[in-house]
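Structural overview for review
Residues per chain are reported as follows:
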Amino acid sequence: MRKTVALILLCLLTQPLVFAQKHRSLTEDQRVIHVLNRLGFGARPGDVERVKAMGLEKYIEQQLHPEKIADSAAETKVRELSVLNMTTAELYEKYPQPGQLLRQLQARGMLPEEMASDAAKNNQNTPPANPLENEKNRKVIEEYYRENGLQRPQRIIAELQASRILRAVYSERQLQEVMVDFWTNHFNIFANKGADRWLLPAYDRDTIRPNAMGKFSTLLQATAQSPAMLFYLDNFQSVSPNANQGRRGGLLQQLRPQQQQQQRQRRGINENYARELMELHTLGVDGGYTQKDVQEVARCFTGWTIFQPRGGGAAVNAMMGEAGRRNPGTFFFNARVHDDGEKTVLGHKIPSGGGLKDGLMVLDILAHHPSTAKFIATKLVRHFVSDTPPQSLVDRVAATFTKSDGDIRETLKAIFFSKEFNSTEAYRVKIKRPFELVISAIRTLGADTNGGPGTHRWIERMGEPLYGFQTPNGYSDAAESWVNTGGLLERMNFGLALANNRVQGTTVSLAKTNGAQAKVMDEYLKTLLAGDISAATREALLKQLEPSDPATKVVGLILGTPEFQRQ
Amino acid sequence: MNRRFFLKSGSVALASVGMSLSAPSFLERIALGNTLAGGKRKTLIAIFQRGAVDGLNVVVPFGEANYYELRPSIAIPKTEALNLDGFFGLHPSMSAFKPLWDSKRLAIIHASGSPDNTRSHFDAQDYMESATPGVKSTSDGWLNRYLRSKQDSERSLFRAVSMTKTMPRVLQGREPAVAMSNLSDFAIRAGKSSENLQGGFEAIYARETKDSLAGTGRETFEAVNYLKKANPAQYQPENGAQYPRNQFGTSLLQIAQLIKAGVGLEVAFTDIGGWDTHVNQGNSRGQLANLLTQFSSGIAALYQDLGQRMDDVVVLTMSEFGRTVRENGNRGTDHGHANAMFVLGNSVKGGKVYGQWPGLKSDQLYEGRDLALTTDFRDVFGEIATRHLGSTDVKSVFPGYTVTQSKFKGFLS
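Residue numbers here run from 1 along each chain, matching the order of that chain's written sequence. As they are written, the chains are lettered A onward and the ligands numbered 1 onward, keeping that order. Local features in this predicted model are restricted to residues whose pLDDT is 70 or higher, and side-chain atom pairs enter the listing and the counts only when it is 80 or higher, whereas totals over whole chains, interfaces and linings include all residues. With hydrogens and water stripped out, all remaining heavy atoms of the structure feed into the side-chain values.

1. Digging into the overall build of chain A
Here a helix means four or more residues in a row that DSSP labels H or I, a strand means two or more in a row labelled E, and each is numbered from the N terminus. Of regular secondary structure, chain A possesses 30 helices and 6 strands. Among the 567 residues that make up chain A, the fraction classed as buried is 56%. Residues count as neighbours in contact if any of their non-hydrogen atoms are within 4.5 Å of one another. Nonlocal contacts in chain A, meaning residues at least 24 apart in sequence, comprise 75% of its contacts between residues at least 6 apart. The Shrake-Rupley method, run with a 1.4 Å probe sphere, supplies the accessible areas, and residue values consider only the shown protein chains as cover. When the accessible surface of chain A is summed, it comes to about 24000 Å², and 51% of that surface belongs to carbon and sulfur atoms. Relative accessibility thresholds used throughout: buried, under 20% of the residue-type maximum; exposed, over 50%; partly exposed, between the two (1.4 Å probe, protein chains only).

2. Looking at the overall build of chain B
Regarding its fold elements, chain B presents 12 helices and 12 strands. Buried residues in chain B amount to 60% of all 413 residues. Look at the contacts in chain B between residues 6 or more apart in sequence, and 72% of them connect residues 24 or more apart. Of the roughly 15400 Å² of accessible surface on chain B, 50% is carried by carbon and sulfur atoms.

3. So, the environment of Thr485(A)
Among the structural elements, Thr485(A) can be located in helix 26 (residues 485-499). The spacing of Thr485(A) and Asn450(A) is 35 residues in sequence and 29 Å in space, taken between C-alpha atoms.

4. Topic: the sheet that holds strand 3 (residues 82-83) of chain B
Residues and elements named next belong to chain B. At least two bridges found by DSSP between two strands is the condition for calling them paired. Taken in spatial order, the 3 strands of this open sheet run 2-4-3, and their pairing is antiparallel. The sheet terminates laterally at strand 2 (59-60) and strand 3, the two strands that pair on one side only. Here 2 bridges tie strand 2 to strand 4 (residues 89-90), and the two strands are oriented antiparallel to one another. Across the sheet, the residue bridging to Val59 is Leu90, located in strand 4.

5. Thoughts on the environment of Leu292(B)
Residue and element names in this part refer to chain B. Tracing the sequence through the fold places Leu292 in helix 10 (residues 287-306). Along the chain, Leu292 and Ser95 lie 197 residues apart, while their C-alpha atoms are 9.8 Å from each other. Setting aside residues up to four positions removed in sequence, Leu292 forms contacts with Asn57, Val58, His91, Ser93, Met94 and Trp275.

6. Thoughts on the packing of aromatic side chains
One pair of aromatic rings is described through two measures. These are the centre distance and the angle between the planes. Centre distance within 6.5 Å is the pairing criterion for rings of Phe, Tyr and Trp, where only the six-membered ring of Trp is used; planes under 30 degrees apart are then read as stacked, over 60 as edge-to-face, and the remainder as tilted. In total, this model carries 30 aromatic pairs over all chains according to the counting rule given. Consider the rings of Phe307(A) and Phe332(A), whose centres lie 6.2 Å apart with planes at 75°: the pair is edge-to-face. One end of the pair, Phe307(A), is in strand 1 (residues 304-307); the other, Phe332(A), is in strand 2 (residues 330-333), and 25 residues separate them in sequence. Judged by relative accessible area, Phe307(A) falls into the buried class, the value being 7%. Given a relative accessible area of 13%, Phe332(A) falls into the buried group. Note on Trp142(B) and Phe381(B): the rings are 4.2 Å apart at their centroids and 10° apart in plane angle, and the pair reads as stacked. A residue pair is termed long-range when its members are at least 10 positions apart, and Trp142(B) in helix 6 (residues 142-149) and Phe381(B) in helix 11 (residues 377-388) qualify at 239 residues. Grouping residues by exposure puts Trp142(B) and Phe381(B) together as buried. Grouping aromatic residues by their ring pairs yields a cluster made of Phe182(A), Trp183(A), Phe187(A), Phe216(A) and Phe401(A). The criterion is that NZ of a Lys, or CZ of an Arg, lies within 6 Å of the ring centre and within 35 degrees of the ring normal, and then a charge sits over that ring. If you follow Arg461(A) out to its NZ or CZ, it ends over the ring of Trp458(A), 4.5 Å from the centre.

7. Some details on empty space enclosed by the protein
Buriedness for pockets is judged along seven lines, at least five of which must meet protein on both sides within 12 Å for an open set on the 1 Å grid over protein atoms alone, while cavities are sets there where a 1.4 Å probe fits but cannot get out, and lining residues have an atom within 4 Å of a point. Grid points are joined across faces, edges and corners, and a volume is the space filled by probe spheres set on the points. On inspection of all chains with the given rule, the structure shows 9 cavities of 30 Å³ or more. Roughly 90 Å³ of internal volume is contained in the largest cavity. Around the largest cavity, the lining comprises 13 residues; the ones closest to its centre are Asp181(A), Asn185(A), Leu466(A), Tyr467(A) and Tyr475(A). Here the element with the most residues in the lining of the largest cavity is helix 11 (residues 174-186) of chain A; it accounts for 3 residues. Partitioning the lining of the largest cavity into residue classes produces 6 nonpolar, 3 polar and 4 charged. In this structure, the second largest cavity is lined by Ile431(A), Pro434(A), Met462(A), Glu464(A), Trp482(A), Val483(A), Asn484(A), Gly487(A), Leu488(A), Arg491(A), Thr166(B) and Leu213(B). The element contributing the most residues to the lining of the second largest cavity is helix 26 of chain A, with 3 residues. Think of it as three bins: nonpolar holds Ala, Val, Leu, Ile, Met, Phe, Trp, Tyr, Cys and Pro, charged holds Asp, Glu, Lys and Arg, and polar takes everything else, Gly as well.

8. So, the confidence of the model for chain B
Residue and element names in this part refer to chain B. Summary of the metric used: pLDDT quantifies the predictor's per-residue confidence within the range 0 to 100. In the predicted model, chain B carries a mean pLDDT of 87, and 89% of its residues have values of at least 70. In the model, residues 1-39 has pLDDT below 50 throughout and makes 38 contacts with residues more than four positions away in sequence or in other chains. Prediction confidence for the complex, expressed as pTM and ipTM, is 0.78 and 0.83 respectively.

9. Overview of the confidence of the model for chain A
All names here are of chain A. Averaged over every residue, the pLDDT of chain A is 88; the share at 70 or more is 87%. Note on residues 245-250: pLDDT is under 50 here. Beyond four places in sequence and across chains, it has 8 contacts. Predicted confidence is poor over residues 257-266, with pLDDT under 50, and the contacts of this stretch with residues over four places away or in other chains come to 14 contacts.

10. Some points on the pairing of strand 1 (residues 43-49) of chain B
Residue and element names in this part refer to chain B. Most of strand 1 sits inside the fold, with 7 of its 7 residues counted as buried. In strand 1, alternate side chains face the same way, and those of Thr43, Ile45, Ile47 and Gln49 on one face and Leu44, Ala46 and Phe48 on the other are all buried. Bridge analysis of strand 1 against strand 9 (residues 313-318) gives 6 bridges, and the strand direction is parallel. Within strand 9, the residue paired with Ala46 across the bridge is Leu316. The sheet contact formed by strand 1 and strand 8 (residues 267-272) spans 6 bridges and is parallel. Bridging across to strand 8, Gln49 finds its partner in Ile272.

11. Describing the interface of chain A and chain B
Counting from both sides, the interface comprises 58 residues of chain A and, opposite them, 49 residues of chain B. Buried area is a sum: the accessible area each of two parts loses on coming together, probed at 1.4 Å, counted once for each and added. Carbon and sulfur atoms make up 54% of the surface buried where chain A meets chain B, a total of about 4500 Å² over both sides. Among the residues of chain A in contact with chain B, Thr485(A), Leu489(A) and Arg566(A) are the three that bury the most area, contributing 13% of the side total. A side-chain nitrogen of Lys or Arg and a carboxyl oxygen of Asp or Glu constitute a salt bridge if their distance falls within 4 Å. Summed over the shared surface of chain A and chain B, the result is 5 salt bridges. Between Arg566(A) and Glu208(B) there is a salt bridge, with its nearest N and O atoms 2.8 Å apart. Each polar contact in these results corresponds to two N or O atoms within 3.5 Å; when the atoms are within protein, one needs to be able to donate a hydrogen and the other to accept it, and residues that are neighboring in sequence are counted only if both atoms are side-chain atoms. At the junction of chain A and chain B, the tally comes to 10 residue pairs in polar contact (both at pLDDT 80 or more). Counting residues per element, the ones that place at least two in the side of chain A that touches chain B are helix 17 (272-282), helix 18 (291-300), helix 25 (453-461), helix 26, helix 28 (535-544), helix 29 (551-559) and helix 30 (562-565) of chain A.

12. Looking at the nonpolar core
Among the nonpolar cores identified, the biggest contains 223 residues, and Met179(A), Trp183(A), Phe295(B) and Phe342(B) are the most heavily contacted of them. It is helix 10 of chain B that contributes the most residues to this core, 10 residues altogether. Grouped together as the second largest cluster of nonpolar side chains are 40 residues, Ala46(B), Val343(B), Phe377(B) and Tyr401(B) included. In this description, a nonpolar core means a group of buried Ala, Val, Leu, Ile, Met, Phe, Trp, Tyr and Cys residues linked to one another through side-chain atoms lying within 4.5 Å.

13. Some words on unusual backbone geometry
Residues and elements named next belong to chain A. Positive phi is not limited to glycine here, since Asp234 has a value of about 70°. Here Asp234 is to be found in the loop between helix 14 (227-232) and helix 15 (250-254). Phi at Ala530 is positive, roughly 50°, even though this residue is not glycine.

14. Overview of the side chain of Asn211(A)
Within the secondary structure, Asn211(A) sits in the loop between helix 12 (196-208) and helix 13 (216-224). Excluding its chain neighbours within four sequence positions, the residues that come into contact with Asn211(A) are Asp206(A), Thr218(A), Leu219(A), Ala222(A) and Ile408(A).

Below, the structure is given as structure tokens:
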């Protein structure tokens, strides 16, 4: 402890001297632009003036407390996205997967007539796994969905993606949206893994958003108990091989014989969550854990599972007027399959008989581990300051993280008011990720969007669809791992499409321009880049323009410049 | 005006009349490359199965009693495996590979992989792509280092192409490489104004000097310009080849197209995911079986399409690690250790399972649970880099490791 204090003191004493030489501070105007770019998704028309009038420090303070910012415009925009306010159970009811629905209908002898006769003819026990491959089936199913007020499950993620785009564009709580993006990527989940597409709306609404700026330990526990994560990293199926098999009453007996059989076969421990929890969510891969720790942590989390993870036939039950006994797709601790023996995790003893507490203790140990402070600090500094995080800043931010008991707000403050963040070395050096590029282009042009698939498709083309990264590490925040020729072309194509109103669901109205090309161009350079453009780029741009060229060409070209790719 | 820009503009003009002075442009380098090498450029197509494929159910050791003991519900029955040599058999959904095996154009290296014991997908993929297991600080991938090790005056911008949305680790590094998900999208798409606008962007990026955008921008337009000539929309596979209609099939088809277009392709890469079968992986049918059908029929279609060109092409498949020998409680398998790799081509001495088989008895398993490793993947990569691609400085491709001919398995002569 004394050593740590001494180290911090040493840092405080030496750092300012070093940085006084190395880091040049930003001008007041640059600071405003910098904050709007990094704490948010770029300035809309008029934002710079608004922030100046309010005072930058006050703006940052306000952004750190999103709950105090009125946000009716963004909420109005997302109002029609119905999946956002539905429980997971309701999503299972209204957005069933066609194959699953058909199997359940068949089990109850309720198959649509056309399909029932086919199935009987072919002597099939179950409808085909993908009934939509067959043209005739597809029509029957479409008809059935329409008649029963059902929607296809793909719709869920399309609406969730739209909500992320709309909020990033319209929300006054810009930092909140940046942190939602950051944590969604840190605790990454892939929408196309099994049941996750039904579980993700609740993950965004109940797990990530309420905790994006609170205590890290609270956020960590929320993710650990989120059905979406339990499903994605397989923990919902992890059961102790030693669990008491004799006293299995209750739950198992409520299941039909076929399900009982499945439950019995699926007995076994699964290490996937335990490993990624330490490697990617908390300690980092070099954070000092062993394969033995992974096994012990996995034992602690046995029994952390999901009630009816695939919906338990919610759609059919609802149509029959039968309410579920409990909410499908919610977290529960199944003590019967928990390994209740003693465990040792990172040198800490977890006593036997702890039940649910075992996992909670593990999360507490991990949230407060020095490796976690370092790992989270590094990732935050990389996100907000530079692809090559300055070590001295990382150390100070990690110290704040530890001192504040993992308070995300305090940790962010340490970054935003640091010399490194406010230096010219950090100004417009981060290359925008695809999501950031699309949102900032829409914002700076004051464009209107419905956030729909026509807009999301561009984010996908640039290589980073929302909820579309398969593996748990999430998209990299360091540009060198993803800047490539194909992605760069799509960025230019996006700018052209946007300026010419060819992005479906997004509308730009460029003001009528008059006067010399140079004057028009400089106006747009001011709007889109606050005039931060190299002489070489400006000259090259000007050469492309002829008197007859429309404003769409000027804007399309500027959106594709190297300068606009950076924030 | 800087020198590079001058040379570039000058040479583009010259290219149009088919002449060259001292510094050939990219377009000319391709033209020259094809004439000089007579179209006989050697090409490697590397395919990564991301997620760790269960090699024990791909190249099935049906001669091992323990295989059946440890996998009560997911093992491939001996009667269903496609018999290779009386001990190993291919998964039944890989029948597309059988003719290639029979004609000795497909070799298997079993119990191969990374000596590092990590069971993290990310670390293991990282190690396999950097080819420095255990060392995370390596900044470039081994295929990029290969490109650097064999400086090539005729090299083209399409010397290294990844048919992926983002540049994979294995091709990251100082040598230029192109990543794209589809050839036809690789253009400025603005209708009638496309050319005019492309010219505008080219001029802007020609002057850019800062960070990774500068080089990337210039490479982008050189590549776009060349690809226009190859006319990707017109492509028809040959010899009746039928590629699977999905992203993997399209990627392979377009790699074949680039090879035939003579753009100077030397290293091609693509990947296929979905192998992380922790739950319900299936046996002769099911999740893994469906993926293996796509995987093998795609590669077989590529082989058929390229026909005689396979004299100069080698296909290599890899996956970050194998999976546990014992099936888990969810009728799936967890992260394991050694795995099986495929090497295909007309120059390959196929019809043989290479590498020492370590066995599956409990005392033969790695850390008591996984297939043990007997062939370091760098010996496989090294053999291809040396004997197929003709690298003369293989030492620099595999830093910290001694690649010697004596360790090669001999699937290439």
